[in-house]
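Results of the structural survey
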Amino acid sequence: MQDKTKKTGLIGHPISHSISPAMHNNTFAALGLDFHYSLLPTKAEDLQATLSKLTEQSFVGGNVTMPHKQAVMAYLDEISDDARIIGAVNTLHLQDGKLKGYNADWRGFLNALTEEGHDPVGMRVLLLGAGGAARSAVYALAQAGVAQLTVVNRTEARGEAVVAEMAHAFPNCPITFQPLERETFAGFAQGVDLVVNTTSVGMEPHEGHSVWPDDLPLPNAIFYDVIYKPAQTRFLQRAQAEGLPTLNGLGMVVHQGVVGFELWTGQKPPVELLRQAALETLYGSET
Ligand code: ATR
């Protein structure tokens, strides 16, 4: 990397298994762009120092991941409206010495869905979970114009809080909460078009678990799991075995990367370049 190379990077901890460096560096190289994406492992107490380093070293931008997506907001010069509503920043852009924060996760979630030919407009959606991924997904679906959105979460207060905030932001979208109970799943055996899992249930190293009870029927819907490791969670395996359309979280990661790439370079990258690098890094010879 030379001095004139434009610097980008990922702030988080732990991040050694991140697929972002491969996605971005391979695409920079393929397009002949003199950019570099590095890992900036940062513990909570060092967040402000790392952000100062970005400015001092003339970075053009980067990403923020766990556990700093909320905390980073306190140190930014500007925050986009979507990131403010979601309550998290995952993409940074340095312009004229100002550090700006964006949320590309919701666009990633939505673009991955539409890319598969699923238009969420008018859909009835059941969304499982109420953490950071859920907030981005709820924002995306409400923004897209779904007809009905039910958030289901184990910790009721957390689920109700997400629903209250998003219902306030999207007064025309009916968003409601239901507890994570058998009756809730049984009640959704019909009348739903899209089921989204944003909980960590089924994620490596806890494969073999599914948030949907094994003995309860699945609705005739699209099944979308934001988990990408394993590539097929048990939640998706069952839906696929029943012949239902499924998608995992890889597309969300790839498409949020596209948003950052375009902000930093001013060029829209070919999605397939990012996807190929992500696939090889994540699944290697499995693909
Ligand atoms: P992220 O930011 O990736 O969404 P998170 O904020 O830790 O991660 O949220 C994890 C989600 O998975 C939450 O909705 C969590 O439910 P709680 O709010 O009740 O904690 C959900 N989750 C994790 N383990 C779960 C389990 N065993 N059963 C049901 N839900 C679970």
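Here, every reference points to the structure presented above.
Everything in this summary refers to the structure shown in the same document.

Rules used in this analysis
Residues numbered from 1 in each chain as written. Predicted model: local features only at pLDDT ≥ 70, side-chain atom pairs only at ≥ 80, totals over all residues. Heavy atoms only, no water. Near = heavy atom within 4 Å. Polar contact = N/O pair within 3.5 Å; in protein donor to acceptor, adjacent residues only side chain to side chain. Areas by Shrake-Rupley, 256 points an atom, 1.4 Å probe, with all protein chains shown as cover. Nonpolar A, V, L, I, M, F, W, Y, C, P; charged D, E, K, R; others polar. Pairing = 2+ DSSP bridges. Helix = DSSP H or I, 4+ residues; strand = E, 2+ residues; numbered from the N terminus. Contact = heavy atoms within 4.5 Å. Axes fitted to C-alpha atoms, helices over the stretch in contact; angles between N-to-C directions. Parallel < 35°, antiparallel > 145°, perpendicular 65-115°, else oblique. Left-handed = near helix turned anticlockwise from the far one by under 90°. Buried < 20%, exposed > 50% of the residue type's maximum accessible area, 1.4 Å probe, protein only. Salt bridge = Lys/Arg side-chain N within 4 Å of Asp/Glu carboxyl O. Core = buried A, V, L, I, M, F, W, Y, C linked by side-chain atoms within 4.5 Å.

Points about the site of the ligand
If you check the shell around the ligand, you find 13 residues, and the closest are Ala 130, Asn 153, Arg 154, Thr 155 and Arg 158. In this structure, an oxygen atom belonging to the ligand sits 3.0 Å away from a main-chain N or O atom of Ala 133. Interatomic distance of 2.7 Å between a side-chain N/O atom of Asn 153 and an oxygen atom of the ligand. Look at the ligand: alone it shows 640 Å² of surface, and the protein chains cover 69% of it. Taken together, the residues of the shell around the ligand sort by class into four nonpolar, seven polar and two charged.

Quick notes on the sheet that holds strand β6 (residues 98–102)
Strand order in this open sheet of six strands is β2-β1-β3-β5-β6-β4, and the pairing throughout is mixed. Whereas interior strands pair on both sides, the edge strands pair on one side only; in this sheet they are β2 (35–41) and β4 (78–79). Sheet topology places β4 next to β6; two bridges connect them, and they run parallel. Bridge assignment links Glu 78 to a residue of β6, and that residue is Lys 100. Most of the contacts of helix α9 (residues 250–265) go to strand β5 (residues 91–95), to which it runs at about 5 degrees, and overall it touches β1 (6–12), β2, β3 (59–64), β5 and β6.

Some points on the packing of helix α1 (residues 20–30) against α9
Between α1 and α9, whose axes approach to 10 Å, the crossing angle comes to 50 degrees. Classified by the angle between their axes, α1 and α9 sit oblique to one another. Between α1 and α9 lies a crossing of right-handed hand. Taking contact as the criterion, the partners of Met 23, His 24, Thr 27 and Phe 28 in α1 are, on α9, Val 253, Val 254, Gln 256, Gly 257, Phe 261, Trp 264 and Thr 265.

Let's talk about α1
Every buried residue of α1 is accounted for by Ser 20, Pro 21, Met 23, His 24, Asn 25, Thr 27 and Phe 28. Gly 32 sits one or two positions beyond α1 and adopts a positive phi of about 70 degrees.

Thoughts on the pattern of salt bridges
Enumeration over the complete set of coordinates arrives at 10 salt bridges. Among the ionic pairs, Arg 275 bridges to Glu 272, the shortest N-O distance being 2.9 Å. Taken together, the residues span about one helical turn, with Arg 275 and Glu 272 both in helix α10 (residues 271–283) at a distance of three residues. For Glu 272, a relative accessible area of 48% translates into the label partly exposed. One connected set of salt bridges, linked through shared partners, spans Glu 115, Glu 272 and Arg 275.

Remarks on the side chain of Thr 265
Mapped onto the elements, Thr 265 comes out in helix α9. From its side chain, Thr 265 meets the backbone oxygen of Phe 261 in a polar contact 2.7 Å long. Separated by 3.0 Å, the side chain of Thr 265 and the backbone nitrogen of Gln 267 make a polar contact. Setting aside its immediate chain neighbours within four residues, Thr 265 contacts Phe 28, Leu 33 and Phe 35.

Quick word on the sheet that holds strand β10 (residues 194–197)
In space, the six strands of this open sheet follow the order β9-β8-β7-β10-β11-β12, with parallel pairing throughout. Two strands in the sheet have a free side with no partner beyond their single neighbour: β9 (175–179) and β12 (246–247). Relative to β12, strand β11 (residues 222–225) runs parallel, the two being bridged by two bridges. By the bridge assignment, Phe 223 is partnered in β12 with Thr 246.

Quick word on the pairing of β3
Counting buried positions along β3 gives six out of six residues, so the element sits mostly inside the fold. Two strands pair when backbone bridges link them, and β1 and β3 are joined in this way by five bridges, in the parallel orientation. Counted as the bridge partner of Leu 10 is Asn 63 from β3. Note: β3 against β5, three bridges, orientation antiparallel. By the bridge assignment for β5, Asn 63 is matched with Thr 91.

What about the nonpolar core?
Phe 109, Leu 141, Ile 175, Leu 194 and Tyr 224 are the most contacted members of the largest nonpolar core, which totals 35 residues. If you list the elements that add at least two residues to this core, you get α4 (105–115), β7 (124–128), α5 (132–144), β8 (148–153), α6 (156–169), β9, β10 and β11. The biggest single contributor to this core is α5, with seven residues. Val 192, Trp 212, Leu 216 and Leu 236 belong to the second-largest nonpolar core, a separate cluster that totals 17 residues.

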